[in-house]
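# Breakdown of the fold
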Amino acid sequence: MTSSGAAAPPDHFTFPAALKSATSLHDLRLGRQLHAAAVKSGYPHSRPVTAVSNTLVTMYAKCGDFSGALKAFDGMTDRDQVSWNSIIAALCMFEEWEAALRAFRSMLSEGFEPSSFTLVGVCLACSNFPRLAKQVHCHGLRAGFYCNGEAFVNNALMTMYAKLGRVDDSVKVFEGLDWRDRVSWNTMIGCFSQNDRFEEALAVFRRMVVAGVKPDGFTLASVLPACAHLERLVSGKELHAHVVRNEDIYDNSYVGSALVDMYCNCRRVEVGRRVFDGILDRGMGLWNAMITGYAQNGFDEEALRLFVEMEEVAGLWPNATTIASVLPACVRCEAFAHKDDMHGYVVKRGFGEDPYVQNALMDMYSRVGKLDVSKKIFESMESKDVVSWNTMITGYVVGGFHSDALDVLRKMQSLRERTREDQGEGGGDESSYRPTSVTLMTVLPACAALAALAKGREIHAYAIRNALASDIGVGSALVDMYAKCGCLIPSRRVFDRLPRRNVITWNSLIMAYGMHGLGEEAMKLFNELVAEGKRGGDVKLNEVTFIAVFAACSHSGMVNQGMELFRNMGEVYMIKPTPEHYACIVDLLGRAGQVEEVYELIKTMPLGPQRAGAWSSLLGACHIHKNVKIGEIVAESLFQLEPYVASHYVLLSNIYASAGLWSKAMEVRKRMKEMGVKKEPGYSWIEAGDVTHRFMVGDGLHPQSPRLHAWLEQISERMKMEGYVPNTSCVLHNVEEDEKEMLLCGHSEKLAIAYGVLNTPPGSTIRVVKNLRVCDDCHEATKFISKIVGREIVLRDTRRFHHFKDGVCSCGGYW
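Residues numbered from 1 in each chain as written. Predicted model: local features only at pLDDT ≥ 70, side-chain atom pairs only at ≥ 80, totals over all residues. Heavy atoms only, no water.

In the annotation of an unreviewed UniProt entry, the entry for the chain reads Pentatricopeptide repeat-containing protein, and the organism field reads Acorus calamus.

### Side note on the pattern of salt bridges
For the structure shown, the criterion picks out 28 salt bridges. Put simply, Arg 180 and Glu 175 hold a salt bridge, and the shortest N to O gap is 3.7 Å. By relative accessible area, Glu 175 is classed as partly exposed at 41%. (Salt bridge = Lys/Arg side-chain N within 4 Å of Asp/Glu carboxyl O. Buried < 20%, exposed > 50% of the residue type's maximum accessible area, 1.4 Å probe, protein only.)

### Points about unusual backbone geometry
Its identity is not glycine, yet Glu 231 carries a phi of approximately 55°, on the positive side. Structurally, Glu 231 can be placed in the loop between helix H13 (217–230) and helix H14 (233–245). Judged by relative accessible area, Glu 231 falls into the partly exposed class, the value being 28%. (Helix = DSSP H or I, 4+ residues; strand = E, 2+ residues; numbered from the N terminus.)

### Side note on the nonpolar core
Membership of the largest hydrophobic core comes to 227 residues, with the highest contact counts inside it found for Ile 87, Met 160, Met 262, Phe 526, Phe 546, Phe 550 and Leu 618. If we skip the residues at most four places from it in the chain, Phe 546 touches Phe 526, Leu 541, Leu 565, Met 569, Tyr 573, Ile 575 and His 581. Counting 30 residues, the second largest nonpolar core, distinct from the first, contains Tyr 724, Ile 753, Val 768 and Leu 795. (Core = buried A, V, L, I, M, F, W, Y, C linked by side-chain atoms within 4.5 Å. Contact = heavy atoms within 4.5 Å.)

### Structural notes on the UniProt feature "repeat: PPR" (unreviewed entry) in the chain
UniProt's feature table lists "repeat: PPR" (unreviewed entry) at residues 80–114, 181–215, 283–313, 354–388 and 502–536, given in the numbering used throughout. The span residues 80–114 is 74% helix and 0% strand, and its two end C-alpha atoms sit 11 Å from each other. Split by type, residues 502–536 is 83% helix and 0% strand. Its first and last C-alpha atoms lie 14 Å apart. (UniProt positions renumbered as here; feature names shortened; annotations may be inferred.)

### What to know about the environment of Ile 715
When you line up the elements, Ile 715 lands in helix H40 (residues 705–721). The spatial distance from the C-alpha of Ile 715 to the C-alpha of Val 789 is 9.5 Å, given a sequence separation of 74 residues.

### A short note on the sheet that holds strand E2 (residues 691–696)
Taken in spatial order, the 6 strands make up an open sheet running E2-E1-E3-E4-E5-E6, and their pairing is mixed. What marks the edges here is a single partner per strand, and that holds for E2 and strand E6 (808–809). As paired strands, strand E4 (residues 793–796) and strand E5 (residues 801–805) are joined by 4 bridges and run antiparallel to one another. Of the residues in E5, the one forming a bridge with Ile 793 is Phe 804. (Pairing = 2+ DSSP bridges.)

Quick look at the structure:
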């Protein structure tokens, strides 16, 4: 047009059309040339036409030139409603949220009425300011924007609430719509899926299909993650079939990535790889999904090989997601020896300050036992999201620092409360500190390990208030927590109320019954699981199920039932016995006194380290039944296989000491010292209020130590009057009888029980945990204490639970 010398030069219709084309091409250079041509033609200053200026603002913004967009807007001498909409949209595009809201206020102050397009931009800005969400909603209602049938405005409102985590508000908007387009359905499905409410996401998807709205790529990319998290393989396959039937969706990279993720989450990695191989145009998201799938399912070498292929063959540079996905594989892969080298690689690639990668680095260092480095990274992070907090909590739990894990949770909650107060004054986003289902699944094992029942109940209440209690992972963790805190009834109640259970949930409860000596109930639950599988249920038995049920049989003396199950493992249940299962059977028979028979059984097993678990169980049985002869043989075998495991030396030394063979016991202790093997110190702990109190043997460091020792001496005299006879064979030192009795009073479990009696309300249950096996004398003494003080005492050691009440223990003497 310009080169033909036409009589009519480009005008205020021509320039906007040309500028829109340059914008669609994302060609900033061409856009600037058009801007120059417009200026030469007198636009937009000497011949002010807002259409040209408005298009210039949009062009600069969409082509990535923020300052150019601001200059174009500031240079306008005449603005209209579209001008303000354009600059608000531009500011949102560059995440200048506060500036966008200031522009909106300026628009109102200059007398311009906002349009529905204005509200879309303002909703996007308000999704970063929780306190303003309701205000913009009310403004739109007064102006009638949410009632005039413009679905895209309501969709923006739903998206705003979803990003703020206010799912219920988003639902209210959705349910109030008279008419919904596909975006409305997609927004609602995405809202539920992104906030871990997967069942509801699937329910809305079903409603969408029934309503006759055809799913598109965005729909499937939102609903497939729900199938993945819920492990709904059948539903995922149905969606895959829909994808195959619709060519316009089949090539969608987001859908392809979601399919790979779904199959890998359902542990069908090989199918995920077939989907990956069938897509020719692979974007970064697809590579990341496959690498993550491999890593999450333990295919670490495959994950690393694919990572190398992505760089060397496909020529793609990794992004933060790639790095975060491949780091766990590096940690676990034995072929990758120098784990710390990955940190250097991360820094060289420029991801050292990326929060997503920092979280993965924290996890890596935690897994290799360098919690101090993990903590330094955590404390150096300028902006911590909820994943950062979860990762730090996980690191402490994995490392066995359970109290530290709970401390991190307390700090997280404290910051959340402070942020809530700040929101009332106009700032702060609490989402970074709001515990998610992952947080609860991570921290509940710490409560279980510490028997921190009060904290566990507090977390359970939070889960109920925030609709997380029905989550299968949270539910399984709650079942385990209550069981390990000695509360079987709440554990079973949580189990029964779960809408869906996986094999972990079943295994947790079976193991719980076993630890409490309720073998019949454990077997009944096992049979229910088997029956559900025969009815076509999703849950299938695994190796851990049998470990749990064998342990239950062992603690209840159900030798015949346990052996029958063991014989049927391969033929009936299609589970091949592992060395762990043999160790369980050895424990089952050995605990029942069949030490010689077990010894002959182990000799038939293949030679090698796989025997270690079985030998260890037999050594424990030799200690229980005071079998010195076989104990010596078994211990020597263990010293060859595992020379630096302290428990083997300790058990042999205790066997000798119990038999009065003090010189041999001292020889074993001397051998330990020469080998540099250190025994784990015995200690017990009890929760009181929100504090866990820990006691060592003969503890004199606790503030109440004098009071506790005095009480134990006093109660000991009364116990003797009731018929208690101290079992001095438990004192593994060659000293006089009187001194042995004094040493018995200082055992850590007795100190913890004394603290519970003196510091908890009369009549309440006392719950104590010990990190080693409870000794015979403490077991007998606790019976008498429970009767004298009229309290139920629940004592958990490494093997099982003992419930003492009215002078009787639930184990019935079989432990």
